[in-house]
Amino acid sequence: MAGPSLDLQLLNTCAAILLLLSFAMLSQRRIVSLVNLLALQGALLCIATLLLAWRTGQTHLYLSAALTLALKVILLPWLLHRLIRRLEVYWDSESLVNTAGTMLGGVVTVVFAFGLAQPIAALANTAMRNAIGIAVAVILLAFITMITRRKAMSQVVGFLSMENGLFFGAMSATYGMPMIVELGVALDVLVAVLVLGVFFFQIREQFDSLDLHHLETLREDQ
Amino acid sequence: MEFALLLGIPLCGALLLGLTGGRREAPDVNVALSLGTFIAACALTVRVLQEGNLVVGREQFFIDPFNVFLVVLTAFVGLTTAVFSRPYMRIELAHGRIGPRRLQLYHGMYQLFMATMLVALTTNNLGLMWVAMEAATLSTVLLVTLYRTPASLEAGWKYFILCGVGIAQALFGTILLYFAAERVLGAEGVSALLWTHLVAVKTQLEPRVLSLAFVFLLVGYGTKVGLAPLHNWLPDAHAEGPTPISAVLSGLLLNVAMYAVVRCKVLVEGSLHSSLPSNMLMGFGLLSVVLAALFLWRQKDIKRLFAYSSIEHMGIVSFAFGMGGAVANFAALLHMTVHSLTKSAIFFAVGHAAQKAGSQRIEDIRGLITLNPTIGWGLMLGTLAILGLPPFGVFASEFLILTTAMRQQPWATPILLLALGVAFAAIFGRVQSMVFGETTARRLPHQPALLPVFAHLLLVLSLGLYIPPYLADWYRAAARLIGGG
């Protein structure tokens, strides 16, 4: 009895590393390293898409891989690094409360994600159906990253990581969305980062810091 | 042709005003562009009336009775808001709250926002609908932070992050929907996300996947509708942005998001044959109505007050769509229309009132009726209309919803009635003290535009007294389309 073919094994390895990177993001304090991890996640997505394109012979997946390379590996990390330099937050790191607890929470989340993905995976007829659980886990872990962070920049990285998870989910369940939708989503993500860039400067100008505890004054009882 | 103009005018307008929107005559150009969009929407409606449903642009766009009236409503409120914002933004400029560059940003983004909403309403592709909804958020984030005050930055950040995360859930829901549809419609060709194709095969879609998809879609688009407990961004974004933006957010964006939820509900219900989507809509709706009514008591800011009132009314609409059936759907559509007209009229009046008083705090605004009776009466009548007093249109729709609830969901009727009563007392007491009493207001450098306020209120009044037969036919056709119950 033959095991799964080499390319499928490679794909599953990619998925596993993707999940590992999500955990790394959860525990990473330095903002620059967070951006690098995000770029690495993008690169893995690109490789996975290429492998899948080669395996299934679908041309639109090649296009989608090219889009991922351009946007998530090159453009977005470059924009974020530029922002970090211009905002002079290169050495910023944040004190995470209770890393061990967060990681444990992350592990529970992964189990939950696989449970959630079970009915979908059972119906999927793509080669990567096992990866759907991983995609859901990446989305949820990114969500936890966003909740536990206090710096605007790290929340944005969490947000983009969530988008990576969604993209990976679409790929493993249905070999990607129709091209027009993928282009639209990519455009939205790009515009979102540009808008945030402007926004960061506004926050910094007003508060001299990108720490979000300044942004907690709008409450019901003011 | 009409269709190309409908989307083309605001898109080109966004480009034009994005480059030249800081000039003195830019507010007039903004009005002219919105007028063009409105005329295109009317022409499109006439054509749909004559020729029936339209599918254009390689099936990527379509018009049916459900979205055509929302298109007209969106274009109309877009026009009146542009008329209102002409003196409003000039006064803000004269008061030094913004500079020409920010005015340029404002005008460019205003047109872009209109374009994204019209795309979201008319697209046949559920993926494109998602893209347009996200674009609508992005185009308004920088408008919420237009004044660059600490509070507005916080509101903008909350708006971006909460709606961003919410809408990411909706993307996951869309992916799941595509996944289920692809098994029926096939991966080749792009038809698996086209609504007209999906609705034809909705009974064959896999129920387990669709129920999961609906949870994500409802949470995602529900965040944008402002359904409790996902409503946190809404009062802040409404209160801190410029008032024309509060008017279009409340009057239009919430409707467009609701439209997205209902489109998805139709598909899911067809596949599921269970009451899960209906129950979820009713639950979220009822929770929103109750929470908003309670929070109304704690408001000290006039724009926050009416933002919570929007949450309450979207809750009522969501509850009515949840009940389903011809009458409830009809009432929900009517309620969407009259709420959008009334609420934007109120924001127009509130905007000028706040400019006159130099503050948005309720206790700082006093005696509007002595200095400017038109603003005072506009606000008072608008408030009476939104509180559901006859003979305004809100009364008609709320009456229909309540009587249907008595028949279909008797347990919910007392809760709804109680919440409406609590909201009435909270809003009426506050507005009464603003309109009457000693005056604190000052003169404004530009003549405020109050025509839109009364135009909207007149429409709401006439909808309460008499619904023209073609409009009723539309609502009925749309209600049939939505089905359920």
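Going by the structure above, here's the rest.
Everything numeric in this text was worked out from a predicted model, so none of it was measured.

**Observations regarding the overall build of chain A**
Phase 1: Looking only at helices and strands, one finds seven helices and zero strands in chain A.
Phase 2: From first element to last, N terminus to C terminus, chain A shows the α and β order α-α-α-α-α-α-α.
Phase 3: Its C-alpha atoms give chain A a radius of gyration of 18 Å, near enough to 17 Å, the size a compact globule of 222 residues would have.
Phase 4: If one aligns the C-alpha atoms of chain A with their principal axes, the spans along those axes are about 65 × 35 × 35 Å.
Phase 5: Evaluated residue by residue, chain A yields a buried proportion of 42% over its 222 residues.
Phase 6: Restricting the contact set of chain A to residue pairs at least 6 apart, pairs at least 24 apart contribute 74%.

**A few points about the overall build of chain B**
Phase 1: Counting its regular elements, chain B contains 19 helices and two strands.
Phase 2: In terms of overall dimensions, chain B is globule-like: its C-alpha atoms have a radius of gyration of 21 Å, near the 23 Å expected for 485 residues.
Phase 3: With the principal axes as the frame, chain B shows a C-alpha extent of 65 × 50 × 45 Å.
Phase 4: Restricting the contact set of chain B to residue pairs at least 6 apart, pairs at least 24 apart contribute 82%.

**What about unusual backbone geometry?**
Residues and elements named next belong to chain B.
Phase 1: Across the junction of alanine 228 and proline 229, the peptide omega takes the value 0°, indicating a cis bond.
Phase 2: Inspection of the secondary structure puts proline 229 in the loop between helix H8 (207-225) and helix H9 (233-240).
Phase 3: The omega angle of the peptide bond from proline 390 to proline 391 is 5°, so this bond is cis rather than trans.
Phase 4: Its location among the elements puts proline 391 in the loop between helix H15 (373-386) and helix H16 (393-408).
Phase 5: Even without glycine at this site, glutamate 59 takes up a positive phi of about 65°.
Phase 6: You can see glutamate 59 is positioned in the loop between strand E1 (54-56) and strand E2 (61-63).
Phase 7: Among the residues examined, glutamate 59 registers 15 C-beta atoms within 10 Å and is labelled partly exposed.
Phase 8: Positive phi is not limited to glycine here, since arginine 148 has a value of about 55°.
Phase 9: Mapped onto the secondary structure, arginine 148 falls in the loop between helix H5 (126-144) and helix H6 (150-185).

**Points about the environment of Asn232(B)**
Phase 1: Considering the arrangement of structural elements, one finds Asn232(B) in the loop between H8 and H9.
Phase 2: Along the sequence, Asn232(B) and Val431(B) sit 199 residues apart, while their C-alpha atoms lie 23 Å from each other.

**Quick word on the environment of Leu63(A)**
Phase 1: Note that Leu63(A) resides in helix H3 (residues 59-87).
Phase 2: Taking the C-alpha atoms as reference points, Leu63(A) and Leu19(A), separated by 44 residues in sequence, lie 24 Å from one another.

**Here's the deal with helix H4 (residues 99-123) of chain A**
Phase 1: The end-to-end C-alpha separation of H4(A) is 36 Å, in line with the 36 Å expected for 25 residues at 1.5 Å each.
Phase 2: Of all the bends in H4(A), the greatest, near 45°, is centred on Ala117(A), and the proline Pro119(A) appears no more than four residues after it.
Phase 3: Within the sequence span of H4(A), burial applies to Gly106(A), Ala113(A), Ala117(A) and Ile120(A).
Phase 4: Contacts made by the buried residues of H4(A) are with helix H1 (6-27), helix H5 (131-148) and helix H6 (152-174) of chain A together with H6 and H8 of chain B.

**As for the environment of Arg149(A)**
Residue and element names in this part refer to chain A.
Phase 1: Relative to the elements of secondary structure, arginine 149 occurs in the loop between H5 and H6.
Phase 2: C-alpha of arginine 149 to C-alpha of valine 138: the two residues are eleven residues apart in sequence and 17 Å apart in space.
Phase 3: When sequence neighbours within four positions are dropped, the list of residues in contact with arginine 149 reads Glu94, Ser154, Gln155 and Gly158.

**A closer look at the interface of chain A and chain B**
How big an interface is tends to be stated in terms of the accessible area lost upon association of its parts.
Phase 1: Taken together, the contacts link 35 residues of chain A with 38 residues of chain B.
Phase 2: When residues of the side of chain A that touches chain B are traced back to their parent elements, those giving at least two are H4, H5, H6 and helix H7 (179-207) of chain A.
Phase 3: For the side of chain A that touches chain B, the per-class residue count stands at 24 nonpolar, seven polar and four charged.

Calculation rules
- Residues numbered from 1 in each chain as written.
- Chains lettered and ligands numbered in written order.
- Predicted model: local features only at pLDDT ≥ 70, side-chain atom pairs only at ≥ 80, totals over all residues.
- Helix = DSSP H or I, 4+ residues; strand = E, 2+ residues; numbered from the N terminus.
- Rg over C-alpha atoms; globule rule 2.2 N^0.38 Å.
- Buried ≥ 20, exposed ≤ 12 C-beta atoms within 10 Å, placed from the backbone.
- Contact = placed C-beta atoms within 7 Å.
- Expected span 1.5 Å × (residues − 1).
- Bend = angle between axes of the 7 residues up to and from the residue.
- Nonpolar A, V, L, I, M, F, W, Y, C, P; charged D, E, K, R; others polar.

Honestly, it's all geometry; don't read function into it.
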